[in-house]
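Here is how the chains run, residue by residue.
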Amino acid sequence: MALTPATFLRQRRLSLTASLAALAGLAVAMPLVGVILAALGTETADIAARDIARYALTSAWLALLVGIITAAAGTLAAWLVVMYHFPGRNHFAWALALPLAVPAFALAYGYADLFDVAGALRTGLRDATGHDLPFEMRSIGGAAFILSAAFYPYVYLAMRAAFLNQSVNVLEAARMLGCSGRAALWRIALPMARPALAAGTALAVMETLADYGAVQFLSVQTLTTGVVRAWSVYGSTVSAARFALPLLAAAALLLWIERAGRKGQTHEGGKARWRALDPEPLGSAARWLAFAFCLMLLSAGLVLPVGWLAWNLGQASPDWARLIGATRNSLFLGLAGAAVTVALATMLAIGTRHLPLAARVASLGYATPGAVMAIGLLAPAGVIWNLAPGSGAVIAIMLLILAYAARLMAAALEPIDAGLARVTPSMRHAARTLGRTESGAALAVELPVARGAMMTAGLIILIDILKELPATLILRPFDFDTLAVIANNYALDERLGQAGLPSILIILLSLPAVIWLTRRIAHARPGA
């Protein structure tokens, strides 16, 4: 067919969403490209290959431990609150996700201080028994415990949503055929929810690989601490970038696992599928065991460490002017970063029909520490600062927000993708028939349908940015502190009492968003 001017203009309009997706993908891929180019640099690295291998082995071992613990704990907790009646079940259903509001470094501060205070008791036990206690908090075992307590909600939320959406017919048939609760879990529910388990565990492992504050405070040398150490101690961008390469490879693998799992999360059933599940009552002993297990999880991830930090607040004299300024900075970065990330993720999600590779490349940053993103932006930052030397603070904040977007793009893409999946081809065709261009159809049909998913994505990003530490440490302007930076500075000086207040302020800012997200899950089941 001849290419008339009208056809040419129509094709130009049709390519607008793809062009926006390409621009968004390039923006968030910039730090990743910068890391790869820096790693290929000719500068002599200050870190030997054996050091990278040693740090990588520690990261892999820590990720394996956290993956196993979070998968087991999150799955069991979700199964209990969905399938059984026991004391406190309705409260645990949403409260078990509250540790999402707690930064992992805050848990590390609370437990480290608690164990230090318990040192006298520990010495007494050693003297009485002749043996030292086998568990040391500042170790890889302690780090695995703390990160599992912080990240098990990723598995819990994924598995709770999967169990809520499973076919009632299948579970009732299993009961009628004599399956006990344990047999129904292992033989029916768990195989059906395996995609959600893979996705939730992958998210927990990605967060483990990206964590810096907790592992650095606990003296566990992972690839993430290696990145920051290579940059801050040795001043070597090449060494930092080479530490980052294994993390990028791990990110690609984990995102492939998560996406492969999400493809199988829908199981069609009959109308009875959407009937409310009828939880079974537990026996007198089992119901209290279920209560104790859920309480233990909630205590480990929230009540015990945060309660200890709150208990010790009276021992410190807070600098309220500094804390208020840091709170304002944290909220500004969180809201701006969430808005930019959601906007870029929406462009990518709508344009993935044309450029599926762009969304996958842009998602690689989720398992990559914020420090890596900052390292990747140092070269363009230097160029921009030379071109506009008087705008250093503004450029630094813009680059910091871009680093957040690159780091958290996958967390925004997943809910927005799920929201846009409700837009059927017939809805798009109807909008096109009424004269809308592809971009016009996206504005009139797709964005309104995905509005709730975009809100969810924005809250998730806000929570993560409030807890983000390494990227902020590297890229922030001079004298521009956030609550996470202040808490880290106090902790490095072993002033854990003063580190508690900014940590608790982060939790208080994050809690409303976490509560809204967890309650939303209860209404996510069609027909609820």
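Residues numbered from 1 in each chain as written. Predicted model: local features only at pLDDT ≥ 70, side-chain atom pairs only at ≥ 80, totals over all residues. Heavy atoms only, no water.

Asks: Explain the environment of Ala214 here, please?
Replies: For Ala214, the position within the fold is in helix α11 (residues 213-217). Counting along the chain gives 67 residues from Ala214 to Leu147, while the straight-line C-alpha distance between them is 8.0 Å. (Helix = DSSP H or I, 4+ residues; strand = E, 2+ residues; numbered from the N terminus.)

Asks: Help me understand the nonpolar core, please; the structure alone is not making it clear to me.
Replies: One recurring pattern in soluble globular proteins: nonpolar side chains tend to sit buried together. Within the largest apolar cluster, 155 residues are counted, with the highest numbers of intra-cluster contacts made by Leu96, Tyr109 and Tyr156. When residues of this core are assigned to their parent elements, the largest contribution, 18 residues, is made by helix α18 (residues 392-420). When sequence neighbours within four positions are dropped, the list of residues in contact with Tyr156 reads Gly74, Ala77, Ala78, Val81, Phe92, Ala93, Trp94, Leu96 and Ala97. (Core = buried A, V, L, I, M, F, W, Y, C linked by side-chain atoms within 4.5 Å. Buried < 20%, exposed > 50% of the residue type's maximum accessible area, 1.4 Å probe, protein only. Contact = heavy atoms within 4.5 Å.)

Asks: I tried to follow the packing of aromatic side chains on my own but got confused; where do I start?
Replies: The description of an aromatic ring pair rests on the distance of the ring centres and on the angle between the ring planes. Taken as a whole and judged by the stated rule, the model has eight aromatic pairs. On the basis of an interplanar angle of 75° and a centroid distance of 6.4 Å, the ring pair of Trp79 and Tyr84 is categorised as edge-to-face. One exposure class covers both Trp79 and Tyr84, and it is buried. Measuring from ring centre to ring centre gives 5.6 Å for Trp288 and Phe291, while their planes differ by 80°; the resulting arrangement is edge-to-face. Here Trp288 pairs with Phe291, and both are found in helix α14 (residues 284-311), just three residues apart, close to one helical turn. We classify Phe291 as partly exposed; its relative accessible area is 26%. When the ring centre of Tyr490 is taken as origin, the NZ or CZ atom of Arg322, which lies over that ring, is 5.7 Å away. (Phe/Tyr/Trp six-rings, centres within 6.5 Å; stacked < 30°, edge-to-face > 60°. Lys NZ or Arg CZ within 6 Å of the ring centre and 35° of its normal.)

Asks: Got a minute to help me understand the environment of Leu209 in this structure?
Replies: Its place among the elements puts Leu209 in helix α10 (residues 194-210). Sequence spacing of Leu209 and Ala251 is 42 residues, and the spatial spacing of their C-alpha atoms is 8.8 Å.

Asks: Help me understand empty space enclosed by the protein, please; the structure alone is not making it clear to me.
Replies: Vacant regions in the atomic arrangement are exposed by a probe of water-molecule size rolled over the atoms. The tally for this structure, following the rule as stated, stands at two cavities of 30 Å³ or more. The calculated volume of the largest cavity comes to roughly 250 Å³. Lining the largest cavity are 19 residues, and of these Glu207, Asp211, Arg407, Lys467 and Glu468 sit closest to its centre. For the lining of the largest cavity, the elements supplying multiple residues, two or more each, are α5 (104-117), α7 (140-164), α10, α18 and α21 (451-467). Looking at side-chain class alone, the lining of the largest cavity contains twelve nonpolar, one polar and six charged residues. (1 Å grid on protein atoms, 1.4 Å probe; cavity = no way out; pocket = protein on both sides within 12 Å on 5 of 7 lines; lining within 4 Å. Points joined across faces, edges and corners; volume = space filled by probe spheres on them. Nonpolar A, V, L, I, M, F, W, Y, C, P; charged D, E, K, R; others polar.)

Asks: I tried to follow the packing of α7 against α14 on my own but got confused; where do I start?
Replies: If you want to describe how two helices pack, look at the angle between their axes and the distance between the axes. Direction vectors running N to C along α7 and α14 enclose 105°, while the axes themselves pass 9 Å from each other. Taken together, α7 and α14 sit at an angle that is classed as roughly perpendicular. Listed contacts from α14 to Phe145, Ala149 and Tyr152 of α7 are Leu297, Leu298, Ala300 and Gly301. Its residues assigned to classes, the contact of α7 with α14 comprises six nonpolar, one polar and no charged. (Axes fitted to C-alpha atoms, helices over the stretch in contact; angles between N-to-C directions. Parallel < 35°, antiparallel > 145°, perpendicular 65-115°, else oblique.)

Asks: Would you mind showing me how to read the pattern of salt bridges here?
Replies: Side chains bearing opposite charge may pair, as long as their charged atoms lie close to each other. Under the definition given, this model contains four salt bridges. Notably, a salt bridge pairs Arg407 with Glu207, separated by 3.5 Å at the nearest N-O pair. With a gap of 200 residues between them, Arg407 in helix α18 and Glu207 in helix α10 connect regions that are remote in the sequence. In terms of burial, Arg407 and Glu207 fall into one category: buried. Between Asp493 and Arg495 there is a salt bridge; the shortest N-O distance is 3.4 Å. Taking relative accessible area as the criterion, Asp493 reaches 49% and is therefore assigned partly exposed. (Salt bridge = Lys/Arg side-chain N within 4 Å of Asp/Glu carboxyl O.)

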